[in-house]
Amino acid sequence: MVPKELVAASTEPLILSLLAKGESYGYALIQEVKRLSNDELKWTDGMLYPVLHRMEKERLITSRWGESETGRKRKYYSIKKEGKRALERQQQEWGTVSQILRKVWGEQFAFAGFINSDC
Amino acid sequence: MFNLENAIVEWRRSMSGIDPRALSELESHLRDALEQRTRAGETLETALKSAVATLGSASQLRAEFAKNRRKGAGPDLVRLGCFSAAALVAMGAICGMWLARSPFERGMLLFIAGMAVLLFLKLPYLLTQELHFIPFPPAGDFGPGMEECFAASIAEAGKLGHDFIGTEHMLLGLLQAQDGPVARLLASHGISRDTVRNEVEVLVGKGAAQSEAIRCTPRLRQAFALAAEDAKGSGQNKVRPEDLLLGLLEGDGVAARVLAHLGLNRADLRSRL
């Protein structure tokens, strides 16, 4: 299970990435993340909405009220140009972090291997 | 018997303090979750219970939404303007210290500058408070028949002895045109103006106001704003009585409760309009 701090930090890039693929709505976004992460990433469902609203305020995404397949009211979100730029930036940042971690872990493994071979 | 619409109205009431628009979105989420859970074989009642639980508690959500409000104190430009004004006043005060001759003048200068800086720093927050006030849509936005409905709602408030106009009076006002679309629609559900009036009397009770109602409740203003937004969304710029009916149903105002009590399904009504 991914701890809550990490979940919180990854929420925005996840939303941006999913919306970059096309317009979507809250419930579908949550289901998509559950599916992709095999339920490892636990979102408290309601918590997504304050984040969406904040991102809309920051003009990263935009929303419109539309209708569901059954004619119910539903709020759809889509990404804006600003959001695409933010996504690119965040992709770089996360790439850097994961690269560093991999390097550090690689050294550790190499070190462990060295000790093992020495024995 | 478990009544979904009543249960949802009940849930909305338990989520007080959350902006009605955000609440509508959360409700739409609940209904999505319900559809999926019942398709998987759960009963409506248990499905609603678990969907509400995974959605999070009112206090949790309120806290999260409140964070947004604090972060976005006023539009960026307003904030920038206010901060620069505060900085200018502060600099002016420092320069003024050289020119001031007596300690009294210096004291006065410091006091006035301090107040001005505080005011400017506080202004963006005051402005957002003001922005939260929902204005009434301009009269030009009202379609044919709306004027009469509004006049009728004032009369209804008077009959009930209320000195305010709420969603319940507006609902009665919408029903005044006997052959109007709203009256016909509700009549097809077996709901007449008299049944609504009786229900309002039971739910709210009669008042003893002497004067004519002059003020609208925030919920009614909200309903008007929602109706205006809806009308724009569907490509017309005038609010018709039937648009307002949907706006009235959106929140958990008295009108929505009355119609839920009378067994009217909101989603069903929406699809019929």
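Details of the structure are given in the entry above.
Remember, it's a predicted structure, so these values are computed and weren't measured experimentally.

## Description of the overall build of chain B
Tallying secondary structure elements over chain B gives 14 helices and 2 strands in all. Here chain B holds 273 residues, and 42% of them are scored as buried. A fraction of 70% describes how many contacts in chain B between residues 6 or more apart in sequence connect residues 24 or more apart. For chain B, the exposed surface amounts to about 14500 Å²; the carbon and sulfur share of it is 61%.

## Here we look at the side chain of A:Ser10
Residues and elements named next belong to chain A. Secondary-structure assignment places Ser-10 in helix α1 (residues 4–20). We classify Ser-10 as buried; its relative accessible area is 13%. If sequence neighbours within four positions are ignored, Ser-10 has contacts with Leu-41 and Trp-94.

## Thoughts on helix α1 (residues 4–14) of chain B
Among the residues making up α1(B), those that are buried are B:Leu4, B:Glu5, B:Ala7, B:Ile8, B:Val9, B:Trp11 and B:Arg12. Two or three places before B:Glu5, at the opening of α1(B), B:Asn3 has a side-chain oxygen 2.9 Å from that residue's backbone nitrogen.

## Digging into empty space enclosed by the protein
All told, the structure shown has 3 cavities of 30 Å³ or more when counted by the stated rule. When its volume is computed, the largest cavity comes out at roughly 130 Å³. Every residue along the wall of the largest cavity is listed here: A:Trp65, A:Arg72, A:Lys73, B:Ser24, B:Glu27, B:Ser28, B:Arg31, B:Glu250, B:Arg266, B:Ala267 and B:Arg270. Taken together, the elements giving at least two residues each to the lining of the largest cavity come down to α2 (20–39) and α14 (266–272) of chain B. For the lining of the largest cavity, the residue count by class is 2 nonpolar, 2 polar and 7 charged. Estimated volume of the second largest cavity: approximately 80 Å³. Secondary-structure elements contributing two or more residues to the lining of the second largest cavity are α1, α13 (254–261) and α14 of chain B. Considering only residue class, the lining of the second largest cavity consists of 7 nonpolar, 1 polar and 2 charged.

## Side note on unusual backbone geometry
Peptide bonds are trans in most cases, and residues, glycine excluded, mostly fall at negative phi. Residues and elements named next belong to chain A. Its identity is not glycine, yet Asn-38 carries a phi of approximately 50 degrees, on the positive side. For Asp-39, which is not glycine, the phi torsion reads 70 degrees and is therefore positive. With respect to the element layout, Asp-39 can be found in the loop between α2 (26–36) and α3 (48–57). The exposure class of Asp-39 is partly exposed, given its relative accessible area of 38%.

## Some words on the pairing of strand β3 (residues 73–79) of chain A
Residue and element names in this part refer to chain A. With 6 of 7 residues buried, β3 lies mostly within the body of the structure. As defined by bridge partners, strand β1 (residues 24–25) adjoins β3 across 2 bridges and the pair is classed as antiparallel. Across the sheet, residue Tyr-25 finds its bridge partner in β3, namely Tyr-76. With 7 bridges joining them, strand β2 (residues 61–67) and β3 adopt antiparallel strand pairing. Residue pairing in the sheet places Trp-65 in a bridge with Lys-75 of β3. The turn joining β2 and β3, which pair antiparallel and follow one another in sequence, is formed by 5 residues; a positive phi near 90 degrees is taken by Gly-71.

## Remarks on the pattern of salt bridges
In this structure the tally under the stated criterion is 24 salt bridges over all chains. The shortest N-O distance in the salt bridge between A:Arg72 and B:Glu35 comes to 2.8 Å. Of the two residues, A:Arg72 sits in the loop between β2 and β3 while B:Glu35 sits in helix α2, which places them in two different chains. Of the residues examined, B:Glu35 reaches a relative accessible area of 26% and is grouped as partly exposed. Between B:Arg197 and B:Glu156 there is a salt bridge, with its nearest N and O atoms 2.9 Å apart. Taken together, the residues span a long stretch of sequence, with B:Arg197 in helix α10 (residues 193–203) and B:Glu156 in helix α7 (residues 146–159) at a distance of 41 residues. For the pair B:Arg197 and B:Glu156, one class covers both residues: buried. What emerges from the salt-bridge pattern is a single network uniting A:Glu69, A:Arg72, A:Arg74, B:Asp32 and B:Glu35.

The rules behind the values
Residues numbered from 1 in each chain as written. Chains lettered and ligands numbered in written order. Predicted model: local features only at pLDDT ≥ 70, side-chain atom pairs only at ≥ 80, totals over all residues. Heavy atoms only, no water. Helix = DSSP H or I, 4+ residues; strand = E, 2+ residues; numbered from the N terminus. Buried < 20%, exposed > 50% of the residue type's maximum accessible area, 1.4 Å probe, protein only. Contact = heavy atoms within 4.5 Å. Areas by Shrake-Rupley, 256 points an atom, 1.4 Å probe, with all protein chains shown as cover. Polar contact = N/O pair within 3.5 Å; in protein donor to acceptor, adjacent residues only side chain to side chain. 1 Å grid on protein atoms, 1.4 Å probe; cavity = no way out; pocket = protein on both sides within 12 Å on 5 of 7 lines; lining within 4 Å. Points joined across faces, edges and corners; volume = space filled by probe spheres on them. Nonpolar A, V, L, I, M, F, W, Y, C, P; charged D, E, K, R; others polar. Pairing = 2+ DSSP bridges. Salt bridge = Lys/Arg side-chain N within 4 Å of Asp/Glu carboxyl O.

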